[in-house]
Amino acid sequence: GAVVSQHPSWVICKSGTSVKIECRSLDFQATTMFWYRQFPKQSLMLMATSNEGSKATYEQGVEKDKFLINHASLTLSTLTVTSAHPEDSSFYICSASTSGGANEQFFGPGTRLTVL
Amino acid sequence: AQKITQTQPGMFVQEKEAVTLDCTYDTSDPSYGLFWYKQPSSGEMIFLIYQGSYDQQNATEGRYSLNFQKARKSANLVISASQLGDSAMYFCAIAGGTSYGKLTFGQGTILTVHP
């Protein structure tokens, strides 16, 4: 149980295009989903927290107009990188929580984004 | 605000030996949780072990144990009987009561297990 999937697992796009990444909780309902970003050989940095049916809460320094997050249902959250640029190339990981608590947080396998 | 410090960028250990990965933390929350995750080269985050700040005993999960020293604000991970498959990046993380659910990660330690 407690499986989280991400789609796509990797994506290559041209600069200026938008890319949507999906995060799904497959066998549980996630009241809260978290989006992280990880550069090579670095730590995970929390980008935003999303709760089903409400607007996402972004961490300081994260552009909410560039990284659009939608948590439309209890099993799906999407991250859209708008007008992507090469500096947006990174590993994006989502996690889902049944209660919002960190000790009940399950991670997706991640999505590797490369912007040319 | 919370902070995790992992001072060992890389560690090497011989197969079947034990290894300790260091982690110190700082938080103003009276209640918090400490976590260790393993990230192999595939990128997935694998949960290893959890320690609550009010837990009296050190957490253990199979070959993993967490050496929790609250006064020193340290939460070191001990891996016993290392295996080749343990080679990966290891992250220590903290989640505090006032930032419920938000994990703050350390810089990570790359562990290499030699045969």
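Quick caveat, the model's predicted, so the values are computed rather than measured.

## Focus: unusual backbone geometry
- With an omega of 0°, the peptide bond running from A:His7 to A:Pro8 counts as cis.
- With respect to the helices and strands, A:Pro8 occurs in the loop between strand 1 (4–7) and strand 2 (10–13).
- The residue B:Lys73 is not glycine, and still its phi comes out positive at about 55°.
- Within the secondary structure, B:Lys73 sits in the loop between strand 8 (64–69) and strand 9 (74–79).
- A residue is classified by how much of its surface remains accessible, and B:Lys73, at 32% relative accessible area, is partly exposed.
- At B:Ala81, a residue that is not glycine, the phi angle is positive and equals roughly 45°.
- Relative to the assigned elements, B:Ala81 resides in the loop between strand 9 and strand 10 (88–96).

## Considering the sheet that holds strand 7 (residues 67–73) of chain A
Residues and elements named next belong to chain A.
- Overall, antiparallel pairing links the four strands, which are arranged 1-3-8-7 in an open sheet. The open sheet has two edge strands, strand 1 and strand 7, and neither has a second partner. Strand-to-strand, the axes of this sheet are offset by a mean angle of 15°, without reference to chain direction.
- Relative to strand 8 (residues 76–81), strand 3 (residues 19–25) is paired through six bridges, and the arrangement is antiparallel. When the sheet's bridge partners are listed, Val19 is paired in strand 8 with Val81.

The rules behind the values
Residues numbered from 1 in each chain as written. Chains lettered and ligands numbered in written order. Predicted model: local features only at pLDDT ≥ 70, side-chain atom pairs only at ≥ 80, totals over all residues. Heavy atoms only, no water. Helix = DSSP H or I, 4+ residues; strand = E, 2+ residues; numbered from the N terminus. Buried < 20%, exposed > 50% of the residue type's maximum accessible area, 1.4 Å probe, protein only. Pairing = 2+ DSSP bridges. Axes fitted to C-alpha atoms, helices over the stretch in contact; angles between N-to-C directions.

So yeah, pure geometry; function would need other evidence.
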